[in-house]
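Residue-level structure breakdown
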Amino acid sequence: SRIEELEAHKSSAIAKRASRIWKQHFVSCAICSSSYSKHSADARFCDECKCHVCVKCNCEVFHLSYQEEFWKEMTDKEATEKKQAAESKKAKKKKKKAKDKN
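The text that follows walks through the structure, step by step, so that each part is easy to find. Residue numbers here run from 1 along each chain, matching the order of that chain's written sequence. Totals for whole chains, interfaces and linings use all residues, but because this is a predicted model, local features are given only for residues with pLDDT of at least 70 and pairs of side-chain atoms are given and counted only at 80 or more. With hydrogens and water excluded, all non-hydrogen atoms of the structure serve as input to the side-chain values.

Here we take up the pattern of salt bridges. In the sections that follow, a salt bridge refers to a side-chain nitrogen of Lys or Arg positioned within 4 Å of a carboxyl oxygen of Asp or Glu. Using the criterion set out here, one finds 1 salt bridge in the structure. As a salt-bridge pair, Lys72 and Asp76 come within 3.2 Å of each other at their nearest N and O atoms. Of this pair, Lys72 and Asp76 both sit in helix H3 (residues 64–101), 4 residues apart, which is roughly one turn of the helix. Each residue is assigned to one of three classes by its accessible area relative to the maximum for its type, calculated with a 1.4 Å probe on protein chains only: buried under 20%, partly exposed between the two thresholds, exposed over 50%. For Asp76, a relative accessible area of 37% corresponds to the partly exposed category. Only DSSP runs of H or I covering at least 4 residues are called helices, and only runs of E covering at least 2 are called strands; the numbering of each starts at the N terminus.

See the structure below:
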């Protein structure tokens, strides 16, 4: 955009002023880096992330509550798989013992 061009201007005064205008009136999505007006409904401030996020991006996957829930699910799944593997191994041993006795 035009302001971004001005931020790279060779005159430092123009670049600083453009940068100040940009920071006062625009925000960038923390995930996709798209730029939006501060007053636009297309971007919102996430209190948990402490950053602006557009409506197209979902920052909830970065929230601690989501991560804790995800980790719990993964831990439970791994424990269940481990238990099933142990039971399967026991069943195979029993079957082999019964076969060896006959």
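There's plenty left to go through after this.
Between 30 and 60 degrees the pair is tilted, below 30 it is stacked and above 60 it is edge-to-face, where a pair is any two Phe, Tyr or Trp rings, Trp via its six-membered ring, whose centres lie within 6.5 Å. Per the stated rule, a full pass over the model turns up 1 aromatic pair. When the centroid spacing of 4.7 Å and the interplanar angle of 20 degrees are considered together, the rings of Trp22 and Phe26 count as stacked. Given the relative accessible area of 14%, Trp22 is considered buried.

Let's shift gears to the nonpolar core. Membership of the largest hydrophobic core is limited to 9 residues, which are Val27, Cys29, Tyr36, Ala43, Cys46, Val53, Cys54, Cys57 and Cys59. Among the elements of the structure, strand E3 (43–46) and strand E4 (51–54) are those that each provide at least two residues to this core. Contact between two residues is taken to exist if any of their heavy atoms lie within 4.5 Å; hydrogens are not considered. Beyond its immediate chain neighbours, meaning those up to four positions away, Val53 contacts Cys29, Ile31, Asp42, Ala43, Arg44, Cys46 and Cys59. Here, the term nonpolar core denotes a set of buried Ala, Val, Leu, Ile, Met, Phe, Trp, Tyr and Cys residues that are joined through side-chain atoms within 4.5 Å.

Next up on the list: the pairing of E3. As paired strands, E3 and E4 are joined by 4 bridges and run antiparallel to one another. Following the sheet pairing, Cys46 is matched in E4 by Cys51. Between any two strands, pairing holds if DSSP finds at least two bridges. Linkage of E3 to E4, two consecutive antiparallel strands, is achieved through a turn of 4 residues, within which Lys50 is found at a positive phi near 60 degrees.

Right, let's get into the environment of Trp22. Topologically, Trp22 is positioned in helix H2 (residues 12–25). Distance in space between the C-alpha atoms of Trp22 and Ser35 is 9.9 Å, their sequence separation being 13 residues.

For the rest of this paragraph, the subject is the state of the cysteines. Cysteine sulfur pairs qualify as disulfides if the two atoms are within 2.5 Å. Under the defined criterion, the tally for this structure stands at 0 disulfides. For Cys54, which is in no disulfide, the shortest distance to another cysteine sulfur is to Cys57 and amounts to 3.5 Å. Under the relative-accessibility criterion, Cys54 is labelled buried at 1%. The thiol of Cys59 is not disulfide-bonded; the next cysteine sulfur, from Cys46, is found 3.6 Å away.

Let us look at unusual backbone geometry. One non-glycine residue, Ser33, lies in the positive phi region at around 65 degrees. When its relative accessible area of 53% is taken as the criterion, Ser33 is described as exposed. Within the chain, Lys50 stands out as a residue other than glycine whose phi angle is a positive 60 degrees. Classification of Lys50 by relative accessible area gives exposed; the value is 60%.

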